[in-house]
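Fold and geometry: a report
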Amino acid sequence: MKEVAVGKKDILLYSGFIPKEDLGVLKDFSKKLKGKRIAFVNSTAFGGGVAELFHSIVPLSRSMDVDLHWFVMEGDPKFFAITKKMHNMLQGKGGEITKEEFDYYLETNRKNAEEMRGDFDIIVIHDPQPMAIPFFMKQKSGRFIWRCHIDTSVPNEQAKEIIKRFLPLYDEAIFSMDAFAYGLSAPNYRIIYPSIDPLSPKNVDMTPSEVKEIVEKFGVDIKKPIIVQISRFDPWKDPLGVIDVYRELKKKYRDIQLVLIGSMATDDPEGWKFYQKTLRHAGEDKDLFILSNLDGVGNREVNAFQRAATIVLQKSIREGFGLTVSEALWKKRAVIGGRAGGITVQIRHGENGYLVSSNEECVQVADELLNNAERRNNFGIKGYEKVANEFLITRHIKDYLDMFAEKREKAGITE
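The notes below deal with the structure included here. (Residues numbered from 1 in each chain as written. Predicted model: local features only at pLDDT ≥ 70, side-chain atom pairs only at ≥ 80, totals over all residues. Heavy atoms only, no water.)

1. Considering helix α15 (residues 393-410)
A rise of 1.5 Å per residue sets the reference length of α15, with its 18 residues, at 26 Å; its end C-alpha atoms lie 26 Å apart and thus fit the reference within 8%. All of the buried residues along α15 are Ile-393, Thr-394, Arg-395, His-396, Ile-397, Tyr-400, Leu-401, Met-403, Phe-404, Ala-405, Lys-407 and Arg-408. (Helix = DSSP H or I, 4+ residues; strand = E, 2+ residues; numbered from the N terminus. Expected span 1.5 Å × (residues − 1). Buried < 20%, exposed > 50% of the residue type's maximum accessible area, 1.4 Å probe, protein only.)

2. Digging into the packing of helix α4 (residues 99-115) against helix α5 (residues 157-166)
The contact between α4 and α5 brings their axes to 13 Å, and the two run at 35 degrees. Here α4 and α5 pass one another in a crossing that is right-handed. Between α4 and α5, the residues in contact are Phe-102, Tyr-105 and Leu-106 and Ile-162, Arg-165 and Phe-166, respectively. In the contact of α4 with α5, the residues fall into 5 nonpolar, no polar and 1 charged. (Axes fitted to C-alpha atoms, helices over the stretch in contact; angles between N-to-C directions. Left-handed = near helix turned anticlockwise from the far one by under 90°. Contact = heavy atoms within 4.5 Å. Nonpolar A, V, L, I, M, F, W, Y, C, P; charged D, E, K, R; others polar.)

3. What to know about the environment of Ser-316
When you line up the elements, Ser-316 lands in the loop between β11 (311-314) and α11 (323-330). As for Ser-316 and Arg-339, which are separated by 23 residues in sequence, their C-alpha atoms are 7.6 Å apart. When sequence neighbours within four positions are dropped, the list of residues in contact with Ser-316 reads Trp-236, Lys-237, Gly-338, Ala-340 and Ile-343. There is a polar contact of 2.9 Å between the side chain of Ser-316 and the side chain of Gln-314. Of the polar contacts made by the side chain of Ser-316, one reaches the side chain of Glu-319; its length is 2.6 Å. (Polar contact = N/O pair within 3.5 Å; in protein donor to acceptor, adjacent residues only side chain to side chain.)

4. A few points about the environment of Asp-65
Position of Asp-65 among the secondary structure elements: in the loop between α2 (49-63) and β3 (67-72). Distance from Asp-65 to Thr-278, taken between C-alpha atoms, is 45 Å for residues 213 residues apart in sequence.

5. Details of the pattern of salt bridges
Summed over all chains, the structure comprises 30 salt bridges. A salt bridge links Asp-234 to Lys-84, with the nearest nitrogen and oxygen atoms 2.8 Å apart. Here Asp-234, found in the loop between β8 (226-230) and α8 (239-250), pairs with Lys-84, found in helix α3 (residues 77-90); they are 150 residues apart in sequence, far enough to count as distant. You can call Lys-84 buried: its relative accessible area is 5%. For Glu-327, the salt bridge is made with Lys-202, and the minimal N-O distance between the two is 3.4 Å. Within this pair, whereas Glu-327 is found in helix α11, its partner Lys-202 is found in the loop between β7 (189-191) and α7 (208-217), the two being separated by 125 residues in sequence. Across the pair, exposure class does not vary: Glu-327 and Lys-202 are buried alike. Residues joined by salt bridges that share partners form a network here, namely Asp-171, Glu-172, Arg-190, Glu-406 and Lys-407. (Salt bridge = Lys/Arg side-chain N within 4 Å of Asp/Glu carboxyl O.)

Printed below as a string of structure tokens:
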């Protein structure tokens, strides 16, 4: 268990994105938490949406004198292979966690619990990997919150029972949709939507010349139509289906290009295998680009490719939320998303984007958008408005601070 070193980021930098009264509310909540120690625990500091959120939430909260810490659990490849299997089963895939695997999962959680230093008033455990940590800590139920970021609407029964075994250790759970809580029969939960940081390198404004320079550096022709999907190399994100959609569109639009961008996370051992599978499925095609952090693609490059895109896809089969949708909508792009999980919260079909359930549907609506610049622009404007109103980091922090202040009051903690 290691603490991630983060500094502070002034919340006043975001005054242009939130009403003045909301900024006051944030400061009021932070005052109520004075002297209280809070910790986030997850399984990686890089490569996933959760880690990316923490890189904004933690320093912004600290700028308001909230004593928020971020810990990353440690595990070997065997542990992360087990938790990846658990993740897949929670999203509905078949399989079985053996007794030996479950015991290894528990032992890794025990070691991390023993290594966690400091006393905290509230500890928020994120996702299944560190979920058993409270079982091995002296600090017991009432101070722990479990935050589930994945789609658990139709879980494998064994995986569901594993989660239900640990839920009583937690005061409550947080999900992104009611359906995810229902899937696990969670008795006490609340909904908090994830968010994007409009001032992060991935979302901050860029000039057209900056976008052009970055995109063309990777051999992509910015003058020709570009379809982009940003996601992990994971079967739930359906990159193979995206390639198939591109090939169908290529029959009509000979100059169309496809860019798939993903990052390799330390807690996702299957990512490497599926990355190779994606490369094999892509074959040799000068207009098909598969890029990752190994190619020097970071947040700034992702920003540029999203802004350069004619259409952004997020063709997920299962999706906890899919913040790449909000990222693209924030940049006023036309987005086609899989009819899955949190994507359906961000896209209203036919109003600010399209939702699809098959390759055929995806090809149909992509064809329409490629021929209708006005609709693409309208989707982009409405999408931007939805993100500005619902999915920015300041709202997310407000939800967390509100919850922490509520826990403090219920516990009868006084200054």
